[in-house]
Amino acid sequence: MAVDKSYDYVIVGGGSSACVVASRLVEAGASVLILERGPRRASPIMHYPAGYMKFLAKDTYLAMHQTEPQPQLNGRAPIVPQGKVLGGGSTVNAMVYIRGQAADYDGWNAAVTAPGAPNDGEWSYRDMLPYFKAQEDNDHLAGEFHGVGGPLKISDLGHTSEMTRAYMKTLQGMGIPWNPDFNGAAQFAVGLMQHTIDWRTRRRCSAVDAFLSPVMGNALLTVETDAVVTGLAFEKGRAVGVEYVQAGRPARAAAAVEVIVAAGAYQTPKLLMLSGIGPEDELRRHGVDVRVALAGVGENLQDHYECPVVATTRGAFGYYGQDRGWPMIKAGLQYILFKSGPVTTTGVETCAFYDPDGDNARPTIQMFCVPTVYLDRDVMGADPGHGVTINSLLLRPKARGRVRLASRDPLANAIVDTGIFGHADDLRLTVASFRFAREVLAAAPLRDLIDREIFPGPGIVTDEAVGDHCRRTVKTGYHPVGTCRMGHDGDEAAVLTPDLKVRGVEGLRVVDASLMPAIVSGNTHAAVLGAAAKAADLIVGKRR
């Protein structure tokens, strides 16, 4: 197939990490092609903080991956989505900006440092913090942990519900302290979450807005959307380009310097395996010629998983019904005229970090308060209404899943084996947090707003019954990572070198969430952005 055009760098995927890296490469004077399989723009509604909720259960900007039935979940196979639009998750997510714990990044650093070698890796929290600060333009935080003047706008939400305020006061009364900054010195606490929202306009600040738009008019940048990459092209052991399909037409683009894969934790390992890079038995099973045998491709899948307890309330203390009829019209007018009101919230405004085992120096649970009755579309048991849903999310699951090929068809989604609750500790901590969530509902002042628990219901009390409830309702936190993890040279399961090059191949790197050796203790978007900034430095050199 003839090459349509040549670039210095071809980036597969147009999500958050791609936007960060492409921006930096263009600024450095390199020509860049971004290939994104989704559309160029999302609905204008997605710019509004509350707008993403209109698309949570739709396939419009999400690729819904069916998962393998899980024996430990009694055969359940929860759906796991991934962003499918320019900007990826940053265009469709709930915009939460939480980096995780310092120990998370120190763990990354340990993973890329060979046993007995000096601890001089460059992925520690100390190394990553400057990247976070350089990206950030915070609405009111600065100093040791925060940046001002960066491209990424970060702010508090413009509206909080009565339910949110009651939840935060209740937890403080139960001994969990108030924390004005989850990205500061300590995470253990309850508080308001910051979001990637521009406080001046009260609009989403996606990776496209923050990083890509400033270079979008540069002749060095080409962005092709609705373009599905079907394989990598090689010459003499080097990645030299990609093959893709756009509007039914096959095409090929050459990369003079590198191919950079940023397709996400499901699609990145799929593309590598289709191109002959991965576990030998998996490739041969589908008749794919083995180019480079890398056992770790598709392994080490991690995600955050959460389980709910739901109660109805004695009044309208949250957001049920705000998305239709007169309440929607009134909220829309308030937003247009004053940039205030319910449209300026994401609907999930607060969370608490703690550890059911008492090690609150390193929390294991992130407990969200959703001020309505909310369940994923594949979970039955409660109708929408005035109420509250408390979701306990496990921050660092011990179980690992994997991603495999469905076939040699590049248009077929990968098969995702989540491994949810595949380790006994994961279910134990989730059950313990479920019990604590019930205590929260029963404590003042939150209890004064509660009518009754409706899901799973007060009759579910034994560990076995609560465990069954968790198996039946557990859902993704939308944070898949780790399927092409980095590691030191002696780590046979590591797919990437510490500078994110794919082992055994020249001219090929991975810069998305796949690179994480272990998931971070919080929403993963901030970590992806910071890691991408680090990746850009590794590719083009540090700024002076």
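Residues numbered from 1 in each chain as written. Predicted model: local features only at pLDDT ≥ 70, side-chain atom pairs only at ≥ 80, totals over all residues. Heavy atoms only, no water.

The next point concerns the pattern of salt bridges. The final tally for this structure, using the stated rule, is 23 salt bridges. The salt bridge partner of R362 is D104, with a shortest N-O separation of 2.6 Å. Taken together, the residues R362 in the loop between strand 17 (350-354) and strand 18 (365-370) and D104 in helix 3 (residues 102-111) connect sequence positions 258 residues apart. A relative accessible area of 26% means that R362 is categorised as partly exposed. (Salt bridge = Lys/Arg side-chain N within 4 Å of Asp/Glu carboxyl O. Helix = DSSP H or I, 4+ residues; strand = E, 2+ residues; numbered from the N terminus. Buried < 20%, exposed > 50% of the residue type's maximum accessible area, 1.4 Å probe, protein only.)

What follows concerns the nonpolar core. Burial of nonpolar side chains together is a common tendency in soluble globular proteins. I11, W108, L212, V242, I277 and L508 are the most contacted members of the largest nonpolar core, which has 91 residues in total. Broken down by element, the residue count for this core peaks at 9 residues, all from helix 12 (residues 525-540). Apart from the residues within four sequence positions on either side, L212 is in contact with C19, A22, I34, L86, A207, L221 and V223. Counting 37 residues, the second largest nonpolar core, distinct from the first, contains A166, V388, L427 and V466. (Core = buried A, V, L, I, M, F, W, Y, C linked by side-chain atoms within 4.5 Å. Contact = heavy atoms within 4.5 Å.)

Counting across every chain of the model gives 0 disulfides. Between C369, a free cysteine, and C351, which holds the nearest cysteine sulfur, the sulfur-to-sulfur gap is 10 Å. Sulfur of C470: no disulfide; nearest cysteine sulfur belongs to C307 and is 4.0 Å away. Looking at C470, the relative accessible area reads 0%, which means it is buried. (Disulfide = S-S within 2.5 Å.)

Right, let's talk about the packing of aromatic side chains for a bit. For any pair of aromatic rings, geometry is given as the distance between the ring centres together with the angle between the planes. Across all of its chains, the model carries 8 aromatic pairs by this definition. Note on F55 and Y61: the rings are 5.3 Å apart at their centroids and 50° apart in plane angle, and the pair reads as tilted. The class for Y61 is buried, based on a relative accessible area of 10%. With 4.9 Å between their ring centres and 70° between their planes, Y105 and W108 make a pair best called edge-to-face. Taken together, the positions of Y105 and W108, both in helix 3 and 3 residues apart, correspond to about one turn of that helix. Classification of Y105 as buried rests on a relative accessible area of 0%. Here W108 falls in the buried class, since its relative accessible area comes to 0%. Among the aromatic residues, ring-to-ring pairing joins Y105, W108, W123, Y125 and F132 into one connected group. (Phe/Tyr/Trp six-rings, centres within 6.5 Å; stacked < 30°, edge-to-face > 60°.)

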